[in-house]
Amino acid sequence: PLSLNAKYHFSNFICGPSNEFAHAAARAVAAKPGRSYNPLFLFGDVGLGKTHLLSAIGHTIQSSNPDAKIVYQSSESFANEVVDAVLNGKLEEFRRKYREETDVLLMDDIQLLAGKERTQHELFHIFNVMYDSNRQIVLTSDKLPHDLPNVEDRLRSRFQWGLITDIQPPEIETRVAIVKSKAAREGLELDESLAFHLARHVASNVRELEGALVRILAHASLTKRKLTIQYIDEILNNIVPRTTPDLSIEAIQEAVARYFRLKVNDLRGSQRRQSIVRPRHVAMYLCRKHVSKASFPAIGDQFGKKDHATVMNAVKKIDRALESDRSLQSQIQDLEQQLDIPQTTKS
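Residues numbered from 1 in each chain as written. Predicted model: local features only at pLDDT ≥ 70, side-chain atom pairs only at ≥ 80, totals over all residues. Heavy atoms only, no water.

1. A few points about the overall build of the protein
In terms of helices and strands, the protein carries 16 helices and five strands. The C-alpha radius of gyration of the protein comes to 23 Å, within 12% of the 20 Å expected for a compact globule of 347 residues. When the backbone C-alpha atoms are referred to their principal axes, the protein occupies close to 65 × 55 × 35 Å. In the protein, buried positions account for 48% of the 347 residues. Long-range pairs, those at least 24 residues apart, make up 72% of the contacts in the protein between residues at least 6 apart in sequence. (Helix = DSSP H or I, 4+ residues; strand = E, 2+ residues; numbered from the N terminus. Rg over C-alpha atoms; globule rule 2.2 N^0.38 Å. Buried < 20%, exposed > 50% of the residue type's maximum accessible area, 1.4 Å probe, protein only. Contact = heavy atoms within 4.5 Å.)

Dropping the structure here:
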């Protein structure tokens, strides 16, 4: 088993609209393991905070119940443990450890179990025993249970028995808070304008954002230069080079898919999950607003042959939502800046 990451606690997890539900669910599980949401299934792309929440749950349970047997595993190391148990005749010992002795099972990156039939078989039975005895299971993945490839249906269905919650890329205010919090932990009070500039440059991944800040602070410390927007750009352009795509429907689709950690085909497809429908509507809105001569039928054609009424409704929905939805306002602003669209100030 892995050790819980000593740096990851609820106290230093920055909350925002993109992750507040997952954060609340994780706290509820940590307060009442096995009784609130079991299993808890956290999904989202790399670098958005799933592992942070997993460790925070473990630390909180351990502090309130020091005798609790908590097993924190990556699915890869779990698979290796199964192989070792089979090869060395230790299956009974392995099963006893998980089925009888484990109070809380925290497993990261469950998607890596794809195609590992024996490992899935063992996890299925461990899951059943722990679930039936009200012992907590928390799983993370980069995909929803029903989207996991090469995973047995019976196991996939069990992942859906409890609460499934996603973590989306953070909006700019949350990214600014993350930057300032990280800088403060490093002993630096970062100017608001610099924090916003950095947050705009790295839009979709908390891990990349923190990594960029670490590099900036290291450069500034070694060169003794004052941090300015120009200096930040000089450093960042070597790490996260900005591209300026031609402003076309395809370019907007690619930017929106990248921002929301989806595939372009998701935007062009017909899936009705909210995690796909909202980005699709955003992409249609931006196409209508910024692509010259893009009629509703032309946009619909590029989004999987959808009719013009569908596109019109999508644009109207985003227009209405922008009046009050601050998270959406921030997302649109982020995307327009990434596409190098000049910002206009509303009076």
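2. A few points about the environment of Asp 319
Note on placement: Asp 319 falls in helix α15 (residues 308–321). Spatially, the C-alpha atom of Asp 319 lies 47 Å from that of Ser 77, the residues being 242 residues apart in sequence.

3. Topic: the packing of aromatic side chains
The full count for this structure, using the stated rule, is nine aromatic pairs. Each ring, one from Phe 78 and one from Tyr 98, has its centre 5.3 Å from the other, and the planes form 90°; the classification is edge-to-face. Placement of Phe 78 in helix α3 (residues 75–87) and of Tyr 98 in helix α4 (residues 91–101) is noted, with a sequence separation of 20 residues between them. One exposure class covers both Phe 78 and Tyr 98, and it is buried. Pairwise contacts between aromatic rings join Phe 41, Phe 127, Tyr 131, Phe 159 and Trp 161 into one cluster. If you follow Arg 154 out to its NZ or CZ, it ends over the ring of Phe 124, 3.9 Å from the centre. The cationic tip of Arg 288 hangs over the ring face of Phe 296; the distance from NZ or CZ to the ring centre is 4.0 Å. (Phe/Tyr/Trp six-rings, centres within 6.5 Å; stacked < 30°, edge-to-face > 60°. Lys NZ or Arg CZ within 6 Å of the ring centre and 35° of its normal.)

4. Observations regarding a positive patch on the surface
Taken together, the side chains of Arg 272, Lys 316, Lys 317 and Arg 320 define a basic patch exposed on the protein surface. Examined against the element boundaries, Arg 320 turns out to sit in helix α15. (Patch = residues over 30% accessible without salt bridge, like charges linked within 9 Å, V, L, I, M, F, W, Y side chains within 5 Å. Areas by Shrake-Rupley, 256 points an atom, 1.4 Å probe, with all protein chains shown as cover. Salt bridge = Lys/Arg side-chain N within 4 Å of Asp/Glu carboxyl O. Lys, Arg positive; Asp, Glu negative; His and termini not counted. Charge placed at Lys NZ, Arg CZ, Asp CG, Glu CD.)

5. Details of the packing of helix α11 (residues 249–259) against helix α16 (residues 326–338)
It is at 10 Å that the axes of α11 and α16 come closest, and there the two elements cross at 125°. Overall, the two elements α11 and α16 adopt an arrangement that is oblique. As α11 runs across α16, the sense of the crossing is right-handed. Listed contacts from α16 to Ala 255, Val 256 and Tyr 259 of α11 are Gln 331, Asp 334, Leu 335 and Gln 338. Its residues assigned to classes, the contact of α11 with α16 shows four nonpolar, two polar and one charged. (Axes fitted to C-alpha atoms, helices over the stretch in contact; angles between N-to-C directions. Parallel < 35°, antiparallel > 145°, perpendicular 65-115°, else oblique. Left-handed = near helix turned anticlockwise from the far one by under 90°. Nonpolar A, V, L, I, M, F, W, Y, C, P; charged D, E, K, R; others polar.)

6. Examining the nonpolar core
For soluble globular proteins, the rule of thumb is that nonpolar side chains tend to be buried together. Val 256, Val 282, Leu 286, Ile 299, Phe 303 and Ile 332 are the most contacted members of the largest nonpolar core, which has 30 residues in total. Contributions of two or more residues to this core are made by α11, α13 (274–290), α14 (296–302), α15 and α16. Apart from residues no more than four positions distant in its own chain, Val 282 is found in contact with Val 256, Phe 260, Ile 318, Leu 328, Ile 332 and Leu 335. Counting residues in each nonpolar core, the second largest holds 25 residues, with Ala 85, Leu 148, Val 151 and Leu 155 among its members. (Core = buried A, V, L, I, M, F, W, Y, C linked by side-chain atoms within 4.5 Å.)

7. Structural notes on the packing of helix α7 (residues 172–185) against α16
Direction vectors running N to C along α7 and α16 enclose 80°, while the axes themselves pass 8 Å from each other. When the axes of α7 and α16 are compared, the pair comes out roughly perpendicular. Along its contact with α7, which presents Ile 172, Glu 173 and Arg 175, the element α16 presents Arg 326, Ser 330 and Asp 334. Grouping the amino acids of the contact of α7 with α16 by side-chain chemistry returns one nonpolar, one polar and four charged.

8. Here we look at helix α5 (residues 117–132)
With 16 residues, α5 extends 23 Å between its outermost C-alpha atoms, agreeing within 8% with the 22 Å of an ideal straight helix rising 1.5 Å per residue. For α5, every residue scored as buried is listed here: Thr 119, Gln 120, Glu 122, Leu 123, Phe 124, Ile 126, Phe 127, Asn 128 and Met 130. Buried residues in α5 make contact with α3, α4, β3 (104–108), β4 (136–141) and α6 (153–159). Asn 134, located one to two residues past α5, shows a positive phi value of around 60°. (Expected span 1.5 Å × (residues − 1).)

9. Let's talk about the pairing of strand β1 (residues 40–43)
Neither face of β1 is left uncovered, since the one carrying Leu 40 and Leu 42 and the one carrying Phe 41 and Phe 43 both have all their residues buried. In the sheet, β1 pairs with β4 via four bridges, with the strands oriented parallel. Opposite Leu 42, over in β4, you have Thr 140 as the bridge partner. Relative to strand β5 (residues 163–166), β1 is paired through four bridges, and the arrangement is parallel. Bridging from a neighbouring strand, Phe 41 pairs with Ile 164 of β5. (Pairing = 2+ DSSP bridges.)

10. Focus on the pattern of salt bridges
Tallying each qualifying case throughout the model produces 17 salt bridges. Notably, a salt bridge pairs Arg 156 with Asp 153, separated by 2.6 Å at the nearest N-O pair. Of this pair, Arg 156 and Asp 153 both sit in helix α6, three residues apart, which is roughly one turn of that helix. With its nearest N and O atoms 3.6 Å apart, the salt bridge here joins Arg 278 to Asp 325. Taken together, the residues Arg 278 in helix α13 and Asp 325 in the loop between α15 and α16 connect sequence positions 47 residues apart.

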